[in-house]
Amino acid sequence: MVNITFDSSEDIVYNYNGTQGVYNLGDIAWTLASTALVWIMIPGVGFFYSGLLRRKNALSMIYLSMMTVAMVSFQWFFWGYSLAFSDGASHFIGDLKYFGLKGVLEQPSIGSSRVPALVFCVFQLMFAAITPMIAIGAVAERSRLGPLLVFVFVWSTLVYDPIACWTWNSNGWSSRLGGLDFAGGTPVHISSGTAALAISLYLGRRRGYGTERLAYKPHNSTYVVIGTVFLWFGWFGFNGGSALSANLRATMACIVTNLAASVGGLTWMLWDWRLERKWSVVGFCSGAIAGLVAITPGSGFVGAPAAVLFGFMAGTVCNFATQLKFIFKYDDTLDVSSLSSSFFLSSSRGLCVDLVSQIFASHAIGGIVGNVLTGLFAQASVAGADGVTVIPGGWLDHHWVQLGIQLADSISGLSYSFVVTTIILWVMHYIPGLRLRCDEETEIIGVDDAEMGEFAYDYVGLDTEIPIRGEYNGNSGVIGATGGSREPPHSQSLQESEVEKVPPA
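Just so it is clear, the structure is predicted and the values come from calculations on it, not from any experiment.

### Describing the pairing of strand S2 (residues 12–16)
Where strand S1 (residues 4–6) meets S2, three bridges bridge the pair, whose relative direction is antiparallel. Each residue of the ladder has a partner; that of Phe6, found in S2, is Ile12. Between S1 and S2, which pair antiparallel one after the other, the connecting turn spans five residues, and Glu10 there sits at a positive phi close to 70 degrees. Looking at chain direction, S2 and strand S3 (residues 19–23) are connected through five bridges and run antiparallel. Bridge pairing in S3 places Asn15 opposite Gln20.

### Details of helix H8 (residues 248–276)
Look at H8: 43 Å from first C-alpha to last across 29 residues, which is about the 42 Å you get at 1.5 Å a residue. Sitting at the amino-terminal end of H8 is Asn247, which places a side-chain oxygen 3.1 Å from the backbone nitrogen of Arg249.

### Concerning the sheet that holds S1
As summarised here, the arrangement of the three strands in space is S1-S2-S3, forming an open sheet in which the pairing is antiparallel. Taken across any chain shown, the strands that pair with only one partner, and hence form the sheet edges, are S1 and S3. If you compare each strand with its neighbour and ignore which way they point, the axes differ by 25 degrees on average.

### Describing the packing of helix H7 (residues 221–240) against helix H9 (residues 281–295)
Look at H7 against H9: their axes get within 10 Å of each other, and the N-to-C directions meet at 20 degrees. In terms of their interaxial angle, H7 and H9 are classed as roughly parallel. As H7 packs across H9, the resulting crossing turns out to be left-handed. Where H7 approaches H9, its residues Ser221, Val224, Val225, Thr228, Leu231, Trp232, Trp235 and Asn239 are matched on the opposing element by Val281, Val282, Phe284, Cys285, Ala288, Ile289, Leu292, Val293 and Ile295. Grouping the amino acids of the contact of H7 with H9 by side-chain chemistry returns 14 nonpolar, three polar and no charged.

### Section: the pattern of salt bridges
For the structure on display, the rule yields five salt bridges. In this structure, the salt-bridge partner of Lys97 is Asp87, at a minimum N-O distance of 3.2 Å. Linking Lys97 in the loop between helix H2 (58–85) and helix H3 (117–135) with Asp87 in the loop between H2 and H3, this pair joins segments that are 10 residues apart in sequence. Residue Asp87 is classed as partly exposed on the basis of its relative accessible area of 33%. Residue Asp386 pairs with Arg114 through a salt bridge whose shortest N-O separation is 3.8 Å. Highlighted residues: Asp386 in the loop between helix H14 (380–383) and helix H15 (402–429) and Arg114 in the loop between H2 and H3, separated in sequence by 272 residues. One salt-bridge network, held together by shared partners, links Arg114, Arg249 and Asp386.

### Considerations on the packing of aromatic side chains
Following the criterion strictly, the structure yields 32 aromatic pairs and no others. Each ring, one from Phe127 and one from Trp168, has its centre 6.1 Å from the other, and the planes form 85 degrees; the classification is edge-to-face. Placement of the pair is Phe127 in helix H3 and Trp168 in helix H4 (residues 146–168), with a sequence separation of 41 residues. Here the two residues Phe127 and Trp168 agree in accessibility, since each one is buried. With centroids separated by 5.3 Å and ring planes inclined at 20 degrees, the aromatic side chains of Trp273 and Trp279 adopt a geometry described as stacked. On the basis of relative accessibility, which here comes to 28%, the residue Trp273 falls in the partly exposed class. Since its relative accessible area comes to 55%, Trp279 is described here as exposed. Here a set of aromatic residues connected by ring pairs shows up, and it is made of Phe74, Phe77, Phe78, Trp79, Phe99 and Phe153. Against the face of Trp273 rests Arg277, its NZ or CZ located 4.4 Å from the ring centre.

### Digging into the environment of Ala196
Structurally, Ala196 is set in helix H6 (residues 185–203). Under the relative-accessibility criterion, Ala196 is labelled buried at 2%. Residues Ala196 and Pro132, spaced 64 residues apart in sequence, show a C-alpha to C-alpha distance of 9.1 Å. If near-sequence neighbours (up to four positions away) are discounted, Ala196 is found in contact with Ala135, Ala138 and Ile359.

### Topic: the packing of H6 against H15
Here H6 crosses H15 at 40 degrees, and the two axes come no closer than 8 Å. Viewed along their axes, H6 and H15 adopt a mutual orientation that is oblique. The two elements H6 and H15 meet at a crossing, and its hand is right-handed. Here Thr186, Ile190, Ser191, Thr194, Ala195, Leu197, Ala198, Ile199, Leu201 and Tyr202 of H6 lie close against H15, whose contacting residues are Asp409, Ser410, Gly413, Leu414, Ser417, Phe418, Thr421, Thr422, Leu425, Trp426 and His429. Residues of the contact of H6 with H15, tallied by class, amount to 11 nonpolar, nine polar and one charged.

### Describing unusual backbone geometry
Look at Glu141: it is not a glycine, yet its phi comes out positive at around 75 degrees. The phi torsion at Arg277 lies on the positive side, around 55 degrees, for a residue other than glycine. Tracing the backbone through its elements, the reader meets Arg277 in the loop between H8 and H9.

### Brief notes about the nonpolar core
Judged by nonpolar contacts, the single largest core of 110 residues is most densely connected at Leu64, Trp76, Tyr81, Leu148, Phe151, Tyr160 and Phe238. In terms of residue count, the dominant contributor to this core is H3 (14 residues). Not counting residues up to four positions away in its chain, the partners in contact with Leu148 are Leu64, Met67, Ile136, Val139, Ser143 and Leu436.

Thresholds applied
- Residues numbered from 1 in each chain as written.
- Predicted model: local features only at pLDDT ≥ 70, side-chain atom pairs only at ≥ 80, totals over all residues.
- Heavy atoms only, no water.
- Pairing = 2+ DSSP bridges.
- Helix = DSSP H or I, 4+ residues; strand = E, 2+ residues; numbered from the N terminus.
- Expected span 1.5 Å × (residues − 1).
- Polar contact = N/O pair within 3.5 Å; in protein donor to acceptor, adjacent residues only side chain to side chain.
- Axes fitted to C-alpha atoms, helices over the stretch in contact; angles between N-to-C directions.
- Parallel < 35°, antiparallel > 145°, perpendicular 65-115°, else oblique.
- Left-handed = near helix turned anticlockwise from the far one by under 90°.
- Contact = heavy atoms within 4.5 Å.
- Nonpolar A, V, L, I, M, F, W, Y, C, P; charged D, E, K, R; others polar.
- Salt bridge = Lys/Arg side-chain N within 4 Å of Asp/Glu carboxyl O.
- Buried < 20%, exposed > 50% of the residue type's maximum accessible area, 1.4 Å probe, protein only.
- Phe/Tyr/Trp six-rings, centres within 6.5 Å; stacked < 30°, edge-to-face > 60°.
- Lys NZ or Arg CZ within 6 Å of the ring centre and 35° of its normal.
- Core = buried A, V, L, I, M, F, W, Y, C linked by side-chain atoms within 4.5 Å.

Structure follows, in structure tokens:
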């Protein structure tokens, strides 16, 4: 039975194991409102990714955002919360004390005594749900959808929960070491960005990789903007809500969040402008998200002047980090262009490309940038704005060892996520029915039609969406690909020059 009463100001008074305390209703209200703000970020990721893809794969990304919310919600109830935030956790992972959310009620959470465990649980669920969604953007255009249900559940259990535990659980090794990660630089961004790299390497290149067929523009820049709006809006709850209280520290977190996003967007856009002399809205959105990622770990520890540097460094480093795909030779579906390819494509058959966010560059590299800058610019005075938190600070406060702790946490999260994600993918590869890679015909007609039998739009232009097989293997003739319930079988010969439109059934 819940053991609570109310004081004269209508705040909740709890008595748990002989310990009495007070929960401020304003703090609970702000945390619950932030929960809703973070939830809206998840379909925001789906819309952002969807806009960057070709039309024939657009709906699958939006679907995956909702599927991820549902699957992680069950996983978090089942054992995810317990593995991450149980009181009896080891330095690495928790136990099953709160299996099925048993006993998660009015007691103070291990994350904070400001809100009840039940409120903290649902707030942290949103972080757990958005993280695998960021990662599985790497499967776009080349994965089966069914096995992703299993992948999300397993990945959340084996990758996200341990990293969240060692970062935010007071028993975790990084937390005990003094690591500073206010809202998820390592558990959310570094882990998901690195997992995306592992997924890209496992799935291999799409057909037509390196040819003009894949030098396409984002099919719907409006979706990219809408996704960015959802993300930017929700990030006020993501970072500001991580204070778990309506106080000055939460306010500062909101200020630096908005400032870093603004500077990041402007910086990325200007770097792109120097190449094409075009003001790219996709480039601005990519930079804004990079700035949001970078400020995440430091949002409760740094002031407004530092946030300008966070945004500038994120917009610069993450922009140039998109070139890593040419070093590691992997096919990142959502990075449809690069600095070096822009010059070639702009003079080739009139094609041009926009510079867009790439998952590993924006999230993994952006998260590392944020962690490092937090080690340099964290201030005890900012953290103490809530009247409770005491930290030694970073280099600004002459706490020199903080940078080493931040690097150790970053490298650990990156290495662990990459290795365990790779193991999960290859174990699933050899289990019948769980292999992620789709077949060639699915790539040709699109994941939306082949896997879902539904489309993001009523009409799809096949001349740009269905590649001509002869371009890749030198054969002539007709492509044969079977569509789903809404689109009849279609074909395209090498002699066809007119745009073919497929009406809905």
